[in-house]
Each structure stands twice: as structure tokens, then as C-alpha cells.
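Notes for the structure review
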Amino acid sequence: MDASAEQSLPEPGSQDSVTGDDIEIVVNVGGVRQVLYGDLLSQYPETRLAELMDCLAGGYDTIFSLCDDYDPGKREFYFDRDPDAFKCVIEVYYFGEVHMKKGICPICFKNEMDFWKVDLKFLDDCCKSHLSEKREELEEIARRVQLILDDLGVDAAEGRWRRCQKCVWKFLEKPESSCPARVVAVLSFLLILVSSVVMCMGTIPELQVVDAEGNRVEHPTLENVETACIGWFTLEYLLRLFSSPNKLHFVLSFMNIVDVLAILPFYVSLTLTHLGARMMELTNVQQAVQALRIMRIARIFKLARHSSGLQTLTYALKRSFKELGLLLMYLAVGIFVFSALGYTMEQSHPETLFKSIPQSFWWAIITMTTVGYGDIYPKTTLGKLNAAISFLCGVIAIALPIHPIINNFVRYYNKQRVLETAAKHELELMELNSSSAEGKPGGSRSDLDTLPPESAAREGPSWGSRLKLSHSDTFIPLLTEKHHRTRLQSCK
């Protein structure tokens, strides 16, 4: 398009009218000069650049509401924004979609799109997923900071009963809050191990005793240790339930369901032992009690409450359902094929161990997983060749999905470490800004307004009040209604 055929913008406040498609817009974004034309900008009239075409009719007030500066001589609009992000944003006028360049912070890029009034629906799907991941990280950091602030802050308006519940909840759920809480967490961890060891030792015949009916039962000492451990688990669960801020969420939580499954068999078996004999035969009672005692193995999962490694492993497996599904599918297909071939090839041998295809499934499973118990094995040459191919295919089928599963574990583990470090740094930054605000002579009115009422009555604000002061001016946008550029949003 010939530049001489284009028309420049009229003077601010003039009544001259120019057709929108013929207008030439000159913008300077962060020192990068860009010439845009009205026929392009008019495609999206709600964007900031399209509004520049009509802003001169409203005078300088309208102009400076849209840009940072304006040069009447050059008819040039100035914006103090990121030029790299702007180059990506203007792609919407040429291609109808926006792609985010590598190296640009997704949150900063979203703020740039909001400034230029370009809807996020024009962002490509691959970039949206990156933006969603970064927002989830910021939400997690904000949640962790908020939890720490809630723990440190004490609301004087709350009653004594509510404050007591919060103290008990923090004491049992957050071992890092105090030294006694850490001691209780270690004690609970040790009791879980002791209870699991006692359950295993109770099955050793040399440690069992004979009851009045001649049956071998657990040693009374082991039963007493078991009862003490169950008493501790019961007390811990009831205290946590009593102090929980959300009872329904607490009861439906997976780890709390595991706690119930670890405690419930003891009381059910105790009830059946003392009362069940009156309603059913003694043999049925003993079988039911034995089945319930096996459920005690669920208490080993209580270790996940005190182990971040087990929690990370659980999350990694949860995120790897697709890979695990592929692994099971590969094995299922191989098991079916090689068991059918093994059954067919072994029928010619008079002493064949392959009696049927369903029975051959067991041989295929232990062969493809390279376990090889040796209870079933081929005796013909073709059968041995089929077995060799089956375990080679099994090794390949198992090895292929393992790498993505390991990557999910490493990525989540590293992500958790980064989030913990970011939350600590954010708290340090909040404390530093709070200290700087308190060091100002007289202080500003906004700072005074953010102080909690109980802090104004004290001579020296405490750590919790300083955090509450900085919390009102927090630098995490997800904790406030304002959206500021922050250290967390910067891309390094």
C-alpha cells in the first residue's frame, strides 16, 4: 500500500473527519515505532489501538486516557509498554490469533493483552495451556502465603472457642508451627510404624498363645500395644475432626477416609467378639474378625500424611493415568496373544503344562513381567521361541511408558520445591516492604488505614501485624483486587 495515499490523523479537537480505512496510526511502544492502518484496526473496534482512530476528536483528555504521551508534530502515540509483547499482540490484526513468544512471562503477557484490550480468546491453545499452568502456580503460592498469614494473624473479634479450635487445628495439622507440634507429629509417625510392626509380629506362630478353645491368638502384650496405638489414632482423629474448619470436607478427604479404615476394624471386631456370638455362630464371628483384622494394613497409608515424598508419588501416579493405561493395554494385548500361541504350540507335547488359554494367562503374565516362577514353562521348541519373544516384548512394553511417569514425578517434585521457595520469598518481601513503610516519618494515611484495630493499641506491632499490614498491599495479584506487576510475574 502506498503511504502517500494514506491520510494522517487530524489535529486534536478539530472537526475534520477522515474515513476509518484511510487513517494511518503511528505508535511508539517502548522505543519501537510501528505504523498501522485503519483498515486493519477497524476489524476489532473494541481494542485500544482501534480507539486511537477516534480519540483526537475528544481532545487531549481522551488521548491521554488511551496512551502515555502524544506528539502533535509527528502525530505519534507513545506507550511505555513491552515492545516484544506488543509485536505478538498486533498479530491479531494480521492473522486473527495471538502467539506468545518463548521467554515472555505468561502472566505479564496476559496483562499486556488486557492493556491493549485484546480478548484472550484470540490466544492460541498452546499458549493458553502455558498461561493456565502459570496461573495455577500463582494460585498455589497465594494459597500458601494466605495459609501462613492466617496462622500468624489472630483475630480479636473471634471468640475463645473459635481461637481454641484454630490452635488445636494448627497444632495437629501443621508440625512446623511449633516445637510441641513437631514432637506430636514424630510421635504419631512412630506409633504408625509400631502398630504396623505389631500387626506383622502377631502372625508369627512362636509369639502366639493358645486360648481356651484351643485356637492360636495374638500375644496379650501385642494386643495391649495395639489397643494403645488405636486409642491414640482415635483421639487424634476426633481432635482433628473437632477442630476442622470444614467438617464435610474433612470427612470426605481421602487421607481421613484412610484414618477411619485404619481405626474402624478394631472397634468392629471388638463388638463382634463380645456381642456377635449371641447372634451368629462362633465360627462365623471368628472369620469376620479375621477378615477385619486384615484391614489393619490400611494404617500404613497414614504415613503419607507425614511424608511429602509419598504425597509427591501419589500425585505423580494420578497425573500419569494415561501412561499407566497404555502400559496395561500393552500388557493385556501381549498376554492374550502369547498365551494363545503358547497353548497352541504346547498341545503337541504329551506332558504339556498349558491346559487351557485362561490358565496360560498366568504364564504370560509372569513371563512378560520377567518374573518367571517356573511353575509353568514350555517344553517344545516353538513354545520356547514364543516365550523368548514374549518376555522381550514385555520388557519393551514396560519400558516405553516409564519415562513419562518419571518425568511427571520429577517435574511435580521440583515444582513443589519452587513453590515453597517462592512462598517464603514472598513473605520476606512482604515483611521488608512492611518494615520500610513503618520506617517512614509519620507514615502515610493508606498505611495507617491498613493496620488492624488491635495493632493501633500496641506500642510496637508484632510480626503478625506487620504481615497483615503488608498483606493489604500484597504483591500477589491473586490475593488482592488490584493487578500490579510483581517480582513473581517477572520473567527471568
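Along every chain, residues carry numbers that run from 1 in the direction the sequence is written. Where totals are concerned, whole chains, interfaces and linings use all residues; where local detail is concerned, this predicted model gives features only for residues with pLDDT of at least 70, and gives and counts side-chain atom pairs only at 80 or more. No hydrogens and no water enter the side-chain calculation; it runs on all heavy atoms of the structure.

A short note on the pairing of strand E1 (residues 24-29)
- With six of its six residues buried, E1 lies for the most part within the structure.
- Each pair of strands is called paired provided DSSP finds at least two bridges between the two strands. By the criteria applied, helices consist of DSSP H or I runs no shorter than four residues and strands consist of E runs no shorter than two, each listed in order from the N terminus. When E1 meets strand E2 (residues 32-37), the two strands line up antiparallel, connected through six bridges. Among the inter-strand pairings, Val 27 is bridged to a residue of E2, identified as Gln 34.
- Of the pairings in the sheet, the one linking E1 to strand E4 (residues 76-79) comprises four bridges and is parallel in character. Bridge pairing in E4 places Val 29 opposite Phe 79. Only protein chains enter the accessibility calculation, which uses a 1.4 Å probe; a residue is then buried when its area is under 20% of its type maximum, exposed when over 50%, and partly exposed in between.

Observations regarding the UniProt feature "transmembrane region" (unreviewed entry) in the protein chain
- UniProt positions are given in the numbering used here, feature names are shortened, and annotations may be inferred rather than shown by experiment. Here the UniProt feature "transmembrane region" (unreviewed entry) sits at residues 183-204, 248-270, 324-341 and 385-406.
- Helix makes up 96% of residues 248-270 and strand 0%, with an end-to-end C-alpha separation of 28 Å.
- Regarding residues 324-341, the helix share stands at 100% and the strand share at 0%, and the terminal C-alpha atoms are separated by 26 Å.

Let's talk about the packing of helix H8 (residues 160-173) against helix H10 (residues 220-243)
- Only C-alpha atoms enter the line fits that serve as axes; for helices the fit covers just the stretch in contact. Angles between N-to-C directions range over 0 to 180 degrees. Between H8 and H10, the least distance of the axes is 8 Å, while the angle of their chain directions is 135°. Viewed along their axes, H8 and H10 adopt a mutual orientation that is oblique. Between H8 and H10 the crossing geometry is left-handed. Only Glu 236, Leu 239, Arg 240, Phe 242 and Ser 243 of H10 make contact with H8, whose side of the interface consists of Trp 161, Gln 165, Val 168, Trp 169, Leu 172 and Glu 173.
- Here the term charged refers only to Asp, Glu, Lys and Arg, the term nonpolar to Ala, Val, Leu, Ile, Met, Phe, Trp, Tyr, Cys and Pro, and the term polar to all other amino acids, Gly among them. For the contact of H8 with H10, the per-class residue count stands at six nonpolar, two polar and three charged. Throughout, the term roughly parallel applies to angles under 35 degrees, roughly antiparallel to angles over 145, roughly perpendicular to angles from 65 to 115, and oblique to all others. Handedness of a crossing is defined here by the sense of rotation of the near helix relative to the far one, left-handed for an anticlockwise turn of less than a right angle and right-handed for a clockwise turn. Note on contacts: a residue pair is in contact if any heavy atoms of the two residues lie within 4.5 Å.

Concerning the pattern of salt bridges
- Here a salt bridge means any side-chain nitrogen of Lys or Arg lying within 4 Å of a carboxyl oxygen belonging to Asp or Glu. Going through the model one piece at a time under the given rule, you end up with six salt bridges.
- Asp 114 is paired through a salt bridge with Lys 110; the nearest N and O atoms lie 2.9 Å apart. Of this pair, Asp 114 and Lys 110 both sit in helix H6 (residues 106-115), separated by four residues, roughly a single helical turn.
- Owing to a relative accessible area of 40%, Asp 114 belongs among the partly exposed residues under this scheme.
- Residue Lys 110 is classed as buried on the basis of its relative accessible area of 17%.
- Put simply, Arg 240 and Asp 259 hold a salt bridge, and the shortest N to O gap is 3.3 Å.

Digging into the nonpolar core
- Nine residue types can take part in a nonpolar core, namely buried Ala, Val, Leu, Ile, Met, Phe, Trp, Tyr and Cys, and a core is a set of them joined through side-chain atoms within 4.5 Å. By size, the foremost hydrophobic cluster in this structure holds 42 residues, and its most contacted members are Val 27, Leu 49, Phe 77 and Phe 109.
- Counting ten residues, the second-largest nonpolar core is a separate cluster that includes Leu 327, Leu 331, Ile 335 and Ala 364.

A few points about a nonpolar patch on the surface
- Judged by side-chain polarity, Leu 326, Met 329, Tyr 330, Val 333, Phe 336, Val 337, Leu 341, Ile 396 and Leu 400 come together as a nonpolar surface patch covering roughly 820 Å² of accessible area.
- Residue assignment for the nonpolar patch shows that the elements contributing at least two residues are helix H15 (321-346) and helix H17 (381-438).
- Per-element accounting of the nonpolar patch gives the leading share, seven residues, to H15.
- Given the relative accessible area of 33%, Tyr 330 is considered partly exposed. Patch construction takes residues with relative accessible area above 30% that form no salt bridge. Like charges are linked within 9 Å, and nonpolar side chains (Val, Leu, Ile, Met, Phe, Trp, Tyr) are linked within 5 Å. For the area figures, the Shrake-Rupley method with a 1.4 Å probe applies, and any residue is considered shielded solely by the protein chains shown.

Some words on helix H16 (residues 357-368)
- Expected helix span is computed as 1.5 Å times (number of residues minus one). Helix length check: H16, at twelve residues, gives a terminal C-alpha distance of 16 Å against a target of 16 Å (1.5 Å per residue), a fit within 8%.
- Within H16, the full set of buried residues consists of Ser 360, Trp 363, Ala 364, Ile 366, Thr 367 and Met 368.
- N or O atoms closer than or at 3.5 Å make up a polar contact, with two conditions inside protein: a donor-capable atom paired with an acceptor-capable one, and, for residues adjacent in sequence, both atoms drawn from side chains. Taking the backbone nitrogen of Gln 359 as reference, a side-chain oxygen 3.3 Å away marks Ser 356 as the first, capping residue of H16.
- At the exit of H16 stands Thr 370, carrying a positive phi of roughly 60°.

Observations concerning the side chain of Gln 208
- Mapping Gln 208 onto the fold places it in the loop between helix H9 (179-201) and strand E5 (209-210).
- A polar contact of 3.0 Å, which involves the side chain of Gln 208, links it to the backbone oxygen of Gly 202.
- Those residues in contact with Gln 208 that lie beyond four places of it in its chain are Gly 202, Thr 203, Arg 216 and Val 217.

Overview of the environment of Pro 350
- Locating Pro 350 in the fold gives a position in the loop between H15 and H16.
- A relative accessible area of 76% places Pro 350 in the exposed class.
- Each C-alpha atom, one on Pro 350 and one on Lys 379, is 9.8 Å from the other, the two residues being 29 residues apart in sequence.

Considering the packing of H9 against H10
- It is at 10 Å that the axes of H9 and H10 come closest, and there the two elements cross at 140°. The two elements H9 and H10 cross, and the hand of that crossing is left-handed. Between H9 and H10, the contacting residues are Val 184, Leu 187, Ser 188, Leu 191, Ile 192, Val 194, Ser 195, Val 198 and Met 201 on the first element and Leu 222, Val 225, Glu 226, Cys 229, Trp 232, Phe 233 and Glu 236 on the second.
- Of the residues that constitute the contact of H9 with H10, the class distribution is twelve nonpolar, two polar and two charged.

Regarding the environment of Tyr 373
- Looking at the element boundaries, Tyr 373 is found in the loop between H16 and H17.
- Using a relative accessible area of 57% as the deciding quantity, one classes Tyr 373 as exposed.
- Sequence spacing of Tyr 373 and Trp 363 is ten residues, and the spatial spacing of their C-alpha atoms is 8.8 Å.
- With near-sequence residues (within four places) excluded, Tyr 373 lies in contact with Trp 362 and Ile 366.

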